[in-house]
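# Close look at the chain arrangement
Here are the chains, one letter per residue:
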Amino acid sequence: MALAVTLTLALALLAPDAVLPGKYSLLNVCMDAKHHKSEPGPEGKLYDQCSPWKDNACCTANTSSEAHKDQSFLYNFNWKHCGEMPPKCKRHFIQDTCLYECSPNLGPWIEQVGSSWRRERILHVPLCREDCEEWWEDCKDARTCKENWHKGWNWATGTNRCPWGFMCRPFRQVFPRPKDLCEKIWSSSFSYSPERRGSGRCIQMWFDPAQGNPNVAVAKYYAERKRSSPAQVEDVAPESDQAVRALSCSVLLLLPLALVLLPGGAGGCGTHGWGAL
């Protein structure tokens with residue numbers, strides 16, 4: 001009886017689906033990041049451009065309000081590092097922030113990271129073609145000094161400033177094409193998708209809540225593709241892969257003890273069972 005229980009537990013633990021159940025769900029999830037809720041849910045008072053997510057959000061009302069400020073407590077990031085950002089351009093950055101903070105539909109693109117301020121990030125989210133093109137068109141005359149806004153700033157004053165020797169230039173020079181803007185500004189968080197809005201194959205940065213959230217279907221499509229892909233194992237984050245291996249080794253180390261509990265010792269297995277391994 002003791003052996004049966006021990007072996008049942010061991011085999012269950014060795015099964016891939018038994019390791020950290022539910023942790024790596026791809027649908028209706030929030031990132032493990034600085035301001036995200038642990039799980040999505042209704043937020044009736046999301047502010048202005050974050051309001052489309054109010055029925056099911058990963059952000060709080062306070063986070064949505066801060067997302068609209070030129071410099072907020074969220075990341076102490078200053079949009080005006082090269083002068084005033086035109087309102088039509090800033091609108092896209094606010095929508096970008098709302099998508100990142102509030103959307104529960106980014107699961108297929110969440111990756112684990114070893115950052116001090118977040119454990120997960122998004123990578124290669126396929127942003128709809130129109131979103132990238134409109135973002136670039138409305139920001140092409142705004143000015144910046146860097147193409148990657150994730151890193152490399154001068155934070156000596158507590159907020160981001162252009163590094164020494166970096167000159168402010170129009171966006172159209174720093175990002176010659178819409179693809180450059182979408183893919184480079186946040187370290188490949190987004191990828192430029194050739195698909196259009198309404199195709200069900202690309203994420204919209206913003207949507208009309210009266211028409212429903214189109215990103216729900218997009219996330220489902222890519223989640224199913226990821227689960228059925230032969231390369232799925234390669235998509236597992238290094239940390240989770242190490243955890244699986246460590247757990248498997250621990251269980252295997254316990255198996256000899258389980259075999260000792262068998263009446264008559266381990267001799268009953270001989271070379272035709274575990275003893276042959």
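Residue indices begin from 1 for each chain and proceed along its sequence in written order. Side-chain atom pairs in this predicted model are given and counted only at pLDDT of 80 or more, local residue features only at pLDDT of at least 70, and totals for whole chains, interfaces and linings cover all residues. In computing side-chain properties, one takes all heavy atoms of the structure into account and sets aside hydrogens as well as water.

Once that is clear, we can look at the confidence of the model for the protein. Per residue, pLDDT captures the predictor's confidence, and it can take any value from 0 to 100. Across the protein, pLDDT averages 76, with 71% of residues at or above 70. A run of DSSP states H or I qualifies as a helix once it reaches four residues; a run of E qualifies as a strand once it reaches two. Both are numbered from the N-terminal end. For the protein, helix 8 (residues 238-260) is the element with the lowest average pLDDT, namely 41, and strand 5 (residues 169-170) is the one with the highest, namely 97. Whether two residues touch is decided by their heavy atoms; if any such pair falls within 4.5 Å, the residues are in contact. Scored below 50 in pLDDT, residues 1-23 makes 20 contacts in the model with residues more than four places away or belonging to other chains. Under a pLDDT of 50 for its full length, residues 232-277 has, in the predicted model, 33 contacts with residues more than four places off or in other chains.

Contact geometry for helix 3 (residues 87-102) and helix 4 (residues 129-139): axes closest at 7 Å, N-to-C directions at 140°. One finds that helix 3 runs oblique with respect to helix 4. In this structure, helix 3 meets helix 4 at a crossing whose hand is left-handed. Two secondary-structure elements touch here, helix 3 through Lys88, Cys89, Arg91, His92, Phe93 and Asp96 and helix 4 through Glu134, Trp135, Asp138 and Cys139. The classification used treats Ala, Val, Leu, Ile, Met, Phe, Trp, Tyr, Cys and Pro as nonpolar, Asp, Glu, Lys and Arg as charged, and all other residues, Gly among them, as polar. Taken together, the residues of the contact of helix 3 with helix 4 sort by class into four nonpolar, one polar and five charged. Between the N-to-C directions of two axes lies an angle of 0 to 180 degrees, each axis being a line fitted to C-alpha atoms and, for a helix, fitted only over the stretch in contact. Should an angle fall under 35 degrees it is called roughly parallel, over 145 degrees roughly antiparallel, and 65 to 115 degrees roughly perpendicular, with every other angle called oblique. Crossing handedness is defined as follows: a turn of the near helix away from the far one that is anticlockwise and smaller than a right angle gives a left-handed crossing, while the clockwise case is right-handed.

Let's shift gears to the nonpolar core. The criterion is simple. A nonpolar core is a set of buried Ala, Val, Leu, Ile, Met, Phe, Trp, Tyr and Cys residues joined through side-chain atoms within 4.5 Å. Accessible area is worked out with a 1.4 Å probe on protein chains only. A residue is then buried under 20% of its type maximum, exposed over 50%, and partly exposed in between. Of all hydrophobic cores here, the largest spans 48 residues; its most connected members are Phe93, Leu127, Trp135 and Trp149. Put simply, the parts of the chain that give this core at least two residues each are helix 3, strand 3 (125-127), helix 4, helix 5 (171-174), helix 6 (178-184) and helix 7 (215-228). A total of seven residues in this core trace back to one element, the largest contributor, which is helix 3. Excluding residues that lie within four positions of it along the chain, Leu127 makes contacts with Leu99, Cys132, Trp135, Cys182, Phe190, Ser191, Tyr192, Ser193, Cys202, Ile203 and Met205.

A rise of 1.5 Å per residue sets the reference length of helix 7, with its 14 residues, at 20 Å; its end C-alpha atoms lie 20 Å apart and thus fit the reference within 8%. Within the span of helix 7, buried status applies to Asn215, Val218, Ala219, Tyr222, Ala223 and Lys226. For helix 7, the angular spread of the buried residues around the axis is 130°, confining them to a single face. Turning to helix 7, the residues buried within the fold contact helix 3, strand 1 (110-112) and strand 3. By definition here, a helix of n residues has an expected span of 1.5 Å times n minus one. By definition, the arc is the one covered by directions from the helix axis to the C-beta atoms.

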